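So you can see what is in the structure, the chains are spelled out below.
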Amino acid sequence: MIPYNYTEFIDGLTYLVENKFVPMSRIDDAVERILRVKFTMGLFENPLADSSMTKYLGHQEHRDLAREAVRKTLVLLKNGKSSTKPLLPLPKRASKILVAGSHANNIGYQCGGWTIEWQGVSGNVTDGTTILSAVEKTVDPNAQVIYNENPNQDYLKSNSFDFAIIVVGEPPYAETFGDNSNLTIPEPGPSTIKNVCGSVKCVVVLITGRPVVVQPFVDTIDALVAAWLPGTEGQGVTDVLFGDYGFTGKLARTWFKSVDQLPMNVGDPHYDPLYPFGFGLTTEPTKTT
């Protein structure tokens, strides 16, 4: 795929063919395979897509299915600082709820790469429900939901929050633009976790396309959820946070303690993960109050 510098590619390939580095038979083979597919699909007779199907884009039935996929793939990594005192599910009836974090009100971050643009974008760039909006729709109408992306200590001390939902993670990326030798949550994510969880009972929701370094924060966090990239249907996250559905998801890969352990797979002599392959706590659906 040559998305940008195609003129340089054409010039370079032409030079290679003219100077016998690439035989014309190789070019003919590639073109023949492409044309065969186009003929099979009937693109020469009907080159344009069937626009009658566009009415189904963003159809509610499809959004409902996407929402179901979100809640079934969330993985609960921690629930309470002790097994006898779980934080989740959260109560819908609360006086004051804090929602914080760079990813709490950002559809673009929820969707990740290959959304609207190749590398994805920040902001509410397409129709959908942010996690902040989903919280507001889920809780009791009398509950006060306060959004502060990165509250400081003074702000936290001047308010009395029942609990906090912190949504942080990685910015969007695709392909090699996502290569990262540290696999850490970029700032202000760590600062938000430290400030909020040091003052308020908190659940941290991670928006990432892969496991990231969380061991430095685990002891501070009351509950930890890997939400991956939930896309446009943030309501799928609150479906399980507030107990309308239970957590059932399991890790599809090992969650490491530090990047120094990588690569690390099940069966390795040095297998010592933070959360092993297949891990995932479960909860039962409940009507919270």
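Residues numbered from 1 in each chain as written. Predicted model: local features only at pLDDT ≥ 70, side-chain atom pairs only at ≥ 80, totals over all residues. Heavy atoms only, no water.

Asker: Explain helix α5 (residues 131-138) to me, and be specific about the residues and the numbers.
Answerer: Every buried residue of α5 is listed here: I131, L132, A134, V135 and T138. What you see down the axis of α5 is that its buried residues fit within an arc of 160°, all on one side. Of the surrounding elements, those touching the buried residues of α5 are β2 (96-100), α4 (107-111), β3 (144-147), β4 (163-169), β5 (202-207) and α9 (235-241). (Buried < 20%, exposed > 50% of the residue type's maximum accessible area, 1.4 Å probe, protein only. Helix = DSSP H or I, 4+ residues; strand = E, 2+ residues; numbered from the N terminus. Arc of directions from axis to C-beta. Contact = heavy atoms within 4.5 Å.)

Asker: Describe in detail the pattern of salt bridges, supporting the description with residues and values.
Answerer: Summed over the entire model, instances satisfying the criterion amount to 11 salt bridges. The partner of R33 in a salt bridge is D29, with the nearest N and O atoms 3.2 Å apart. Of this pair, R33 and D29 both sit in helix α2 (residues 24-41), 4 residues apart, which is roughly one turn of the helix. What makes R33 partly exposed here is its relative accessible area of 41%. Exposure remark for D29: the relative accessible area of 33% places this residue in the partly exposed category. (Salt bridge = Lys/Arg side-chain N within 4 Å of Asp/Glu carboxyl O.)

Asker: For the sheet that holds strand β1 (residues 75-79), give the residues involved together with the corresponding values.
Answerer: The strand order across the open sheet formed by 6 strands is β1-β6-β5-β4-β2-β3, and the pairing between neighbours is mixed. Each end of this open sheet is capped by a strand with a single partner; those strands are β1 and β3. Across the sheet, the mean angle separating the axes of adjacent strands is 15° when strand polarity is ignored. As defined by bridge partners, β4 adjoins β5 across 6 bridges and the pair is classed as parallel. Its bridge partner lying in β5, I165 is registered against V203. Each of β2, β4 and β5 touches helix α7 (residues 189-197); the most contacted strand, β4, lies at about 170° to it. (Pairing = 2+ DSSP bridges. Axes fitted to C-alpha atoms, helices over the stretch in contact; angles between N-to-C directions.)

Asker: Tell me about the packing of aromatic side chains, residues and numbers included.
Answerer: The full count for this structure, using the stated rule, is 8 aromatic pairs. Seen in terms of ring centroids, Y155 and F161 are 6.2 Å apart; in terms of plane orientation they differ by 35°. Their pairing is tilted. A relative accessible area of 23% places Y155 in the partly exposed class. What makes F161 buried here is its relative accessible area of 10%. For the pair Y275 and F279, a centre-to-centre distance of 5.3 Å together with 25° between the ring planes defines the contact as stacked. In textbook terms, an aromatic cluster arises when at least three aromatic residues are bridged by ring pairs, as seen for Y4, W114, W118 and F177. Positioned above the aromatic ring of Y245, the side-chain terminus of R71 is 3.8 Å from the ring centre. (Phe/Tyr/Trp six-rings, centres within 6.5 Å; stacked < 30°, edge-to-face > 60°. Lys NZ or Arg CZ within 6 Å of the ring centre and 35° of its normal.)

Asker: Quick one: what's the story with the pairing of β4, residue by residue and with numbers?
Answerer: Most of β4 sits inside the fold, with 7 of its 7 residues counted as buried. Alternating residues of β4 divide into F163, I165, V167 and G169 and A164, I166 and V168, and every residue in both groups is buried. Bridge analysis of β2 against β4 gives 4 bridges, and the strand direction is parallel. Looking at the pairing, V99 lines up with I165 of β4. Tracing the backbone out of β4, into α7 and back to the parallel element β5 gives a crossover that is right-handed. (Right-handed = clockwise from strand over helix to strand, strands pointing away.)

Asker: Could you give an account of unusual backbone geometry, naming the residues involved and the relevant values?
Answerer: Cis geometry marks the peptide bond from L88 to P89, where omega comes out at 5°. Topologically, P89 is positioned in the loop between β1 and β2. The omega torsion of the bond from E187 to P188 falls at 10°, within 30 degrees of zero and hence cis. One can find P188 in the loop between β4 and α7. Notably, E175 is not glycine yet its phi reads approximately 55°, a positive angle. As for its placement among the helices and strands, E175 is situated in the loop between β4 and α7. A relative accessible area of 45% means that E175 is categorised as partly exposed.

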